[in-house]
Amino acid sequence: MKKYPINKDFNLVSLLTFPVIPQVAPIARGVLGTLVNEHHGDKYIKVRKSKIEVKNGKTDVLVFEPKNEDCTLPALLYFHGGGFIYKAAPYHYFLAKTYARYAHCKVIMPDYRLTPTYPYPTPFNDCVQSLKWVINNSNRLNIDTNKIAIGGDSAGGCLAAAVTLYAGKNDIDLCAQMLVYPVLDYKMESSSMQKYTDTPVWNSTLSRKMWELYLKDSKVDEYASPALASEFKNIPKTYIETAEYDSLHDEGIEYANKLKSNGIDVELFNTFGTMHGFDMASKSKTVIESVGKRTDFLRRCFR
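The structure contained in this document is the topic of the report that follows. (Residues numbered from 1 in each chain as written. Predicted model: local features only at pLDDT ≥ 70, side-chain atom pairs only at ≥ 80, totals over all residues. Heavy atoms only, no water.)

Considerations on the pattern of salt bridges
All chains considered together, the criterion is met by 15 salt bridges. With a shortest N-O distance of 3.3 Å, Glu267 and Lys237 are connected by a salt bridge. With Glu267 in strand β8 (residues 266-270) and Lys237 in the loop between α7 (204-215) and β7 (238-242), this pair connects stretches of sequence that are 30 residues apart. A relative accessible area of 26% places Lys237 in the partly exposed class. A salt bridge links Glu267 to Arg300, with the shortest nitrogen-to-oxygen separation between them at 2.8 Å. Here the residue Glu267 occupies a position in strand β8, and Arg300 occupies one in helix α9 (residues 285-302), the gap between them amounting to 33 residues. Arg300 gets classed as partly exposed once you look at its relative accessible area, which sits at 30%. Three or more residues joined by partner-sharing salt bridges are found here, namely Lys237, Asp265, Glu267, Asp296, Arg299 and Arg300. (Salt bridge = Lys/Arg side-chain N within 4 Å of Asp/Glu carboxyl O. Helix = DSSP H or I, 4+ residues; strand = E, 2+ residues; numbered from the N terminus. Buried < 20%, exposed > 50% of the residue type's maximum accessible area, 1.4 Å probe, protein only.)

A short note on the packing of aromatic side chains
Across all of its chains, the model carries 17 aromatic pairs by this definition. For the pair Tyr78 and Tyr99, a centre-to-centre distance of 5.9 Å together with 50° between the ring planes defines the contact as tilted. Highlighted residues: Tyr78 in strand β3 (residues 73-79) and Tyr99 in helix α2 (residues 90-102), separated in sequence by 21 residues. In terms of burial, Tyr78 and Tyr99 fall into one category: buried. Ring centres 5.6 Å apart and planes at 65° place the aromatic pair Tyr120 and Tyr214 in the edge-to-face group. With a gap of 94 residues between them, Tyr120 in the loop between β4 (106-110) and α3 (122-136) and Tyr214 in helix α7 connect regions that are remote in the sequence. You'll find Tyr120 and Tyr214 in the same group, each marked buried. It is Arg113 that lies over the ring of Tyr118; its NZ or CZ is 4.9 Å from the centre. Above the face of the Phe269 ring, Lys293 is positioned so that its terminal group lies 4.9 Å from the ring centre. (Phe/Tyr/Trp six-rings, centres within 6.5 Å; stacked < 30°, edge-to-face > 60°. Lys NZ or Arg CZ within 6 Å of the ring centre and 35° of its normal.)

Remarks on the packing of α3 against helix α5 (residues 155-169)
Two elements in contact, α3 and α5, have axes separated by 10 Å at closest approach and are oriented at 60°. Of the possible angle classes, the one that applies to α3 and α5 is oblique. Once α3 is placed against α5, the crossing between them reads as right-handed. Of the residues in α5, those in contact with Pro123, Phe124, Cys127, Val128, Leu131 and Lys132 of α3 are Leu159, Ala162, Val163, Tyr166 and Ala167. Here the contact of α3 with α5 is composed, by residue class, of 10 nonpolar, no polar and 1 charged. (Axes fitted to C-alpha atoms, helices over the stretch in contact; angles between N-to-C directions. Parallel < 35°, antiparallel > 145°, perpendicular 65-115°, else oblique. Left-handed = near helix turned anticlockwise from the far one by under 90°. Contact = heavy atoms within 4.5 Å. Nonpolar A, V, L, I, M, F, W, Y, C, P; charged D, E, K, R; others polar.)

Here's the deal with the packing of α2 against α9
The N-to-C vectors of α2 and α9 enclose an angle of 45°; their axes lie 9 Å apart at closest approach. The angle between the axes of α2 and α9 places the two elements in the oblique class. The handedness of the crossing between α2 and α9 is right-handed. Residues Leu95, Thr98, Tyr99 and Tyr102 of α2 pack against Val291, Arg294, Thr295 and Arg299 of α9.

A closer look at the side chain of Lys106
Here Lys106 lies in strand β4. Setting aside residues no more than four positions away along its own chain, Lys106 makes contact with Arg48, Phe64, Glu65, Leu73, Pro74, Ala75, Leu76, Leu141, Asn142 and Ile143.

And the structure:
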């Protein structure tokens, strides 16, 4: 592995890599399910679990919400990353609570089904169903349907962009989409994809395996790979964030430019000295700034 000039704040995170190996994924998911308890509430946020009806089954969904709030609130429907193969990690739950607290909203995080058992389009369909569930249960959840945002990181960013495209074409109004170092383009032809083949946490070598598992024998369309989209109907204001030493860096910028050229209001924030998943280092000044920009974006859109 090459030595990259990544900020020293991320030295520990840089030691991590998430292998895209089908045999490893079920074990890792089991460990996360046993050890991770970050979905429990804290003194600011309460968490409740529900079930969503999906095709051929049900899946869990967590609702993070500020404590002692009885009024109707905006909602962020958030899809966690993990290469379409891993469940939410501890930092995803931490971020969900942070968004709920500081953007003063409810954060809905579905446990969508994963590869290799469930390749595309199942994860996408689960996420669409979660959006419909939020809308259909808005009264019970006490959610303002005029203030629903979609967000996601990494593979979850792919799902967020795809669901936003779906919503626009099906006249479902959203107030914002937030994409954090998103997966967007199955073609993997960008300069950063060619350059960052061995970066820590994530790289183009892993991306290639991820796409093979996710797409399998499916026909590739814009809901599988949002970079293919040519029509951007009713797309809301968008925030896109990239990491510098990340194979996904360029496709995030390219998607931002594509949206802008189609008249979409886009905020692009390029972080420096960072790699994919850098926000696991929650106490880093860079992470604090990035999360602050995300929550500020959400607050403004919710207003």
